[in-house]
Amino acid sequence: MTLQKVRQKQGRFTPFLFLSPAILFFCCFIFFPLLGAFGYSLITWDFFTRPKFVGLDNYGKLFKDPIALEAIKNTFIFTLASIITHVGLGLILAVAVNRKIPKFFSYIFRTAIFFPFLLSWAAASLIWNFGLDPTFGVVDYYAGKLGFPQATLLSSTWALPTLIMIDLWKTLGFCFIVILAGIQTIPSDINEAARVDGASGWRLFWNITLPLCTPALFFVAVTAFIGAFQIFEPMYIMTRGGPDNATLSVVQYLHLTAFRNFEIGYGAVIAVAIFFIVLTATLVQFRFAKRWVYEG
Amino acid sequence: MVVKSTTENPGENSVFSRRTVLKTVGVGAAGITSAAALAACGSGKEAAAELEAATVSFVYLGSADQAKSWDALFTGFRELFPQIDFKANAIPSDNWAAFADAVAVQLAGGAKYDVLNLATEGALLFADKGVVLPLDDLIARDKAVMDAALADTHPRLVEFGKKYGPPDGKTYYIPSGGMNCMAAWVNKDVYKKAGLDLPTDDWTWDDFLAAGRTIKKKTGAFLFPVTAEYFVGIMPWLTTNGASTMNEDWTKATCDTPQAIEAAEFARQLVVEKLSPPPGGTFDRFELGIKGELACFGGGRWPVLAVRAANAVDKYEIYDFPHRGANRGSPVGWACFPIMKSSSNIDASWEFLKYLSTEKGASIFAKSGGTASPCLKSVAESQEYLADSPVGTEKLYRALDYATAIPSPTKGNLTQRAIEDVWGQIIAGNIKPDAGMKKMQEQITKLLV
């Protein structure tokens, strides 16, 4: 074997060598746990007694479980509302901030919107718990003064919309920054050329800004879906899934099933269901992306 | 079997903040520490000589900053048994049921503990899973010590321990640490300001309601915080109307009886008439009480530490919970310190449990305030327990005469969640009391199957 052939052979493995840390991480923390979840979904086990193989029985249980279906419904409502509000409001705010306003106000605005994103969900939930307190909560008090419903976390009608609003406050900053970055990458000469051609502000937005920032909007939509579908903390801390399971999210139900009811097999089924729902939704988003995302 | 500690329901509406609860446990631990020093009796020395060196791993509900308090307790014990060391593990949790779940998950993950600090809520769960050690042989070995402890324990506590123990008939928990019943802590200043005479132990719901209306009218203060906490906020109303969430064997739900519905209606009425702060808030009932904005609240032994801290012992008197007709009632819960079956330090752990059951230990625990009333009658009637406590403190122990064991079946964590969720909706007005209690009945029935 010549030296050149040896080097060629070695060269084939070089990329894998560089990728190995990421591959190792992926296998340890994503791929093998995923396989484990599939495995667990085929057994019944309560942590302490001997596991029993039950095949696909746990999967059949999922479709007959009204609480699971309610949790999935709640999570879809939360997720869709999250995508619509984050993409819509994020875009409006990004366009507003991108306009020629004094830098000082631009910084203040950006910081104010992004700041809640830096808080942990636990801290944000506790802050809102106090704000919405029906006895002395500032937010609850002024909501009443303005004619909005009060004690919303206790209402099976208003609890989920309240959590959607809190989620918007908490995570809008991320979407806003991504969309703003997307808008700021649009070459200014395109806008200038359009202006020379007599395009109005609305025309600029509709025909230039919006199409050219669709990659950012797409990214935000995909990440918002993945993040929102796995929502857990605000429900767990603020409402415990109540009242009457009105805010029970599917991940919270997984937690209840596996770690409070000790049904590990059934909990794994819910985990697998979440995986497939998120995977399917993401693939669908990518499939339809070709129709509306600008690819340059 | 043991004490219902301060954290019976340390949720959002508890008398104390979580931090206070943790401090409370710490004070109790420090008290027991002193007890260890006193407990240096001859038999202890003999046992100490026989015991091999060991490190006992102990897990409790709380945060890591409590470790010092528990260390102090163990240091006291080590004066008797210097060769025994302790490793305390803290697990922060919202309530005892959640704590039991967290411990179970840790055990499943391979964690090794020798002794757990549980309450009624986790007792059956661990026995059912077969992870705790039957103590029958050890009790037989130290029959004289245990007989002395049982002879001094309230007979109903002994009865509850047997009745609500695991169905296999074995003994997994011994009376040690304490128990809690519920009573009404009445703020004398608010009553005086409203121009009312203090209540008597015979007060009925009607008397209670009438007093609340007068207090609201004349002082603006709330009468009582109505909450959705199982032990503190729900069971007292049910038991004072002869009802409960389950039958005596904890095998069937009894949430839709006329008495239970009536109790829910009464609790809702207190909210509707604004005699209670709006439910679901994060208010501190004790703080409201000290400010004169709350006439009374329900509690066991645990409020005494906060009352003492605020120099307000003289402001409060303790009365039996107001009741409907002749139905005097209260829930009771107790603490448990099981030894794990997997423990490699069974003898050392057993000495620790025995130490917790002694009169000397319980006396010091009672004196320090603690989070629970003692299981031992002699201690409950002693000055160590009654001194520097509100008038009527002895009623917290006497309530055992008519108390109902808080229903905590094997799936107690799930039934508690369902009960609190539905009750929360009832008192918030989202659902009518009769419909709510029927819904609760359906949910509990499903969980008990």
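All figures in this text were calculated on a predicted structure; none of them were measured in a lab.

Draft legend 1. Focus on the overall build of chain A. When its secondary structure is counted, chain A shows 13 helices and two strands. Computed over C-alpha atoms, the radius of gyration of chain A comes to 24 Å, more than 25% over the 19 Å expected from 2.2 N^0.38 for 296 residues, which places it beyond the range of a compact globule. C-alpha atoms of chain A, sized along the principal axes, occupy 85 × 75 × 30 Å. Across the 296 residues of chain A, 43% fall into the buried class. Accessible area of chain A: about 17,100 Å², with a carbon and sulfur share of 71%.

Draft legend 2. Expanded view of the nonpolar core. Ranked by size, the top nonpolar core spans 116 residues in total, and within it B:Phe126, B:Trp237, B:Trp423 and B:Met437 carry the most contacts. Per-element tally for this core: the top contributor is helix α12 (residues 258–272) of chain B, with eight residues. For B:Trp237, the residues in contact, after removing those within four places along its chain, are B:Trp205, B:Phe208, B:Phe224, B:Ala263, B:Phe266, B:Ala267, B:Leu270, B:Phe321, B:Pro322 and B:Trp423. Listed in part, the 43 residues of the second largest apolar core include A:Ala68, A:Ala71, A:Ile83 and A:Leu93.

Draft legend 3. Layout of the state of the cysteines. Taken as a whole and assessed by the stated rule, the structure comprises zero disulfides over all chains. Left without a disulfide partner, A:Cys213 is nearest to the cysteine sulfur of A:Cys175, which lies 13 Å away. Residue classification places A:Cys213 among the buried positions, given a relative accessible area of 1%. Left without a disulfide partner, B:Cys336 is nearest to the cysteine sulfur of B:Cys375, which lies 9.7 Å away.

Draft legend 4. Examining the packing of aromatic side chains more closely. Residues and elements named next belong to chain A. Evaluated as defined, the whole model comprises 51 aromatic pairs over all chains. Measuring from centroid to centroid gives 4.9 Å for Phe-25 and Phe-29, while their planes differ by 45°, and the two rings are tilted. Highlighted residues: Phe-25 and Phe-29, both in helix α1 (residues 3–40), separated by four residues, approximately one helical turn. The burial state of Phe-25 is the same as that of Phe-29; both residues are exposed. With centroids separated by 5.5 Å and ring planes inclined at 80°, the aromatic side chains of Trp-128 and Trp-169 adopt a geometry described as edge-to-face. Of this pair, Trp-128 sits in helix α5 (residues 121–131) while Trp-169 sits in helix α7 (residues 159–184); the two residues are 41 residues apart in sequence, bridging distant segments of the chain.

Draft legend 5. Looking closely at the interface of chain B and chain A. Taken together, the contacts link 31 residues of chain B with 23 residues of chain A. Surface buried jointly by chain B and chain A totals about 2,300 Å² across both partners, of which 54% is contributed by carbon and sulfur atoms. Among the residues of chain B in contact with chain A, B:Lys129, B:Thr282 and B:Arg417 are the three that bury the most area, contributing 25% of the side total. At the junction of chain B with chain A, the criterion picks out four salt bridges. One salt bridge in this structure joins A:Asp244 and B:Lys439, with 2.4 Å as the shortest N-O distance.

Draft legend 6. Spotlight on the confidence of the model for chain B. Residue and element names in this part refer to chain B. Of all residues in chain B, 85% have pLDDT values of 70 or greater, and the mean over the chain is 83. Ignoring residues within four places in sequence, the model shows residues 1–43, a span with pLDDT below 50, making 153 contacts including any to other chains. Confidence metrics for the complex model read pTM 0.80 and ipTM 0.73.

Draft legend 7. Expanded view of the sheet that holds strand β7 (residues 296–299) of chain B. Residue and element names in this part refer to chain B. The three strands lie next to each other as β7-β6-β8, forming an open sheet whose pairing is antiparallel. Strand pairing shows two members of the sheet lacking a second neighbour, β7 and β8 (316–319), which therefore form its edges. Neighbour-to-neighbour, the strand axes of the sheet open up by a mean angle of 30°, direction not taken into account.

Draft legend 8. The sheet that holds strand β2 (residues 84–91) of chain B, seen in detail. Residue and element names in this part refer to chain B. The strand order across the open sheet built from three strands is β2-β1-β3, with neighbouring strands paired in parallel fashion. Taken across any chain shown, the strands that pair with only one partner, and hence form the sheet edges, are β2 and β3 (115–116). As paired elements, strand β1 (residues 54–61) and β2 share eight bridges and run parallel to each other. Each bridged residue has a counterpart across the sheet, and for Ser-57 the counterpart in β2 is Lys-87. Its contacts with the sheet put helix α4 (residues 96–108) on β1, β2 and β3, and the angle it makes with β1 is roughly 140°.

Draft legend 9. Representation of helix α11 (residues 230–239) of chain B within the structure. Counting buried positions along α11(B) gives 10 out of 10 residues, so the element sits mostly inside the fold. Those residues of α11(B) that fall on the buried side of the exposure criterion are B:Tyr230, B:Phe231, B:Val232, B:Gly233, B:Ile234, B:Met235, B:Pro236, B:Trp237, B:Leu238 and B:Thr239.

Draft legend 10. Region of the structure containing the pairing of strand β9 (residues 331–336) of chain B. Residue and element names in this part refer to chain B. Among the six residues in β9, six count as buried, and that is most of the element. Residues Pro-331, Gly-333 and Ala-335 point to one face of β9 and Val-332, Trp-334 and Cys-336 to the other, with burial holding for every one of them. Note that strand β4 (residues 118–119) and β9 share two bridges and pair antiparallel. Across the sheet, Leu-118 pairs through a bridge with Cys-336, a residue of β9. Across three bridges, strand β5 (residues 179–181) lies against β9 in antiparallel orientation. Opposite Cys-181, over in β9, you have Val-332 as the bridge partner.

Draft legend 11. Structural detail: a nonpolar patch on the surface. A cluster of nonpolar side chains, namely A:Phe25, A:Phe26, A:Phe29, A:Ile30, A:Phe31, A:Phe32 and A:Leu35, defines an oily patch on the protein surface of about 740 Å² accessible area. Relative to the assigned elements, A:Phe32 resides in helix α1.

Draft legend 12. Expanded view of the pairing of β1(B). All names here are of chain B. The element β1 is extensively covered by neighbouring structure, given that seven of its eight residues are classed as buried. Sheet topology note: the β1/β3 ladder contains two bridges and is parallel. For Phe-58, the partnering residue across the bridge sits in β3 and is Val-115.

Draft legend 13. Main features of helix α5 (residues 120–128) of chain B. All names here are of chain B. Counting buried positions over the nine residues of α5 gives eight, a clear majority of the element. For α5, the set of buried residues is Thr-120, Glu-121, Gly-122, Ala-123, Leu-124, Leu-125, Phe-126 and Ala-127. Where α5 is buried, its residues meet α4, β3, β4, β9 and α20 (412–428).

Draft legend 14. Spotlight on the layout of surface pockets. The calculated volume of the second largest pocket comes to roughly 880 Å³. A:Asp65, A:Ile67, A:Tyr253, B:Lys446 and B:Leu447 are the residues nearest the centre of the second largest pocket, which is lined by 26 residues in total. Listed by contribution, the elements that provide at least two residues to the lining of the second largest pocket are α2 (57–64), α3 (66–98) and α12 (250–259) of chain A together with α20 and α21 (433–448) of chain B. Ranked by the residues each element gives to the lining of the second largest pocket, the list is headed by α21(B), at five residues. Per-class residue counts for the lining of the second largest pocket are 10 nonpolar, four polar and 12 charged.

Calculation rules
Residues numbered from 1 in each chain as written. Chains lettered and ligands numbered in written order. Predicted model: local features only at pLDDT ≥ 70, side-chain atom pairs only at ≥ 80, totals over all residues. Heavy atoms only, no water. Helix = DSSP H or I, 4+ residues; strand = E, 2+ residues; numbered from the N terminus. Rg over C-alpha atoms; globule rule 2.2 N^0.38 Å. Buried < 20%, exposed > 50% of the residue type's maximum accessible area, 1.4 Å probe, protein only. Areas by Shrake-Rupley, 256 points an atom, 1.4 Å probe, with all protein chains shown as cover. Core = buried A, V, L, I, M, F, W, Y, C linked by side-chain atoms within 4.5 Å. Contact = heavy atoms within 4.5 Å. Disulfide = S-S within 2.5 Å. Phe/Tyr/Trp six-rings, centres within 6.5 Å; stacked < 30°, edge-to-face > 60°. Buried area = accessible area lost by both parts, 1.4 Å probe. Salt bridge = Lys/Arg side-chain N within 4 Å of Asp/Glu carboxyl O. pLDDT = per-residue confidence, 0-100. Pairing = 2+ DSSP bridges. Axes fitted to C-alpha atoms, helices over the stretch in contact; angles between N-to-C directions. Patch = residues over 30% accessible without salt bridge, like charges linked within 9 Å, V, L, I, M, F, W, Y side chains within 5 Å. 1 Å grid on protein atoms, 1.4 Å probe; cavity = no way out; pocket = protein on both sides within 12 Å on 5 of 7 lines; lining within 4 Å. Points joined across faces, edges and corners; volume = space filled by probe spheres on them. Nonpolar A, V, L, I, M, F, W, Y, C, P; charged D, E, K, R; others polar.

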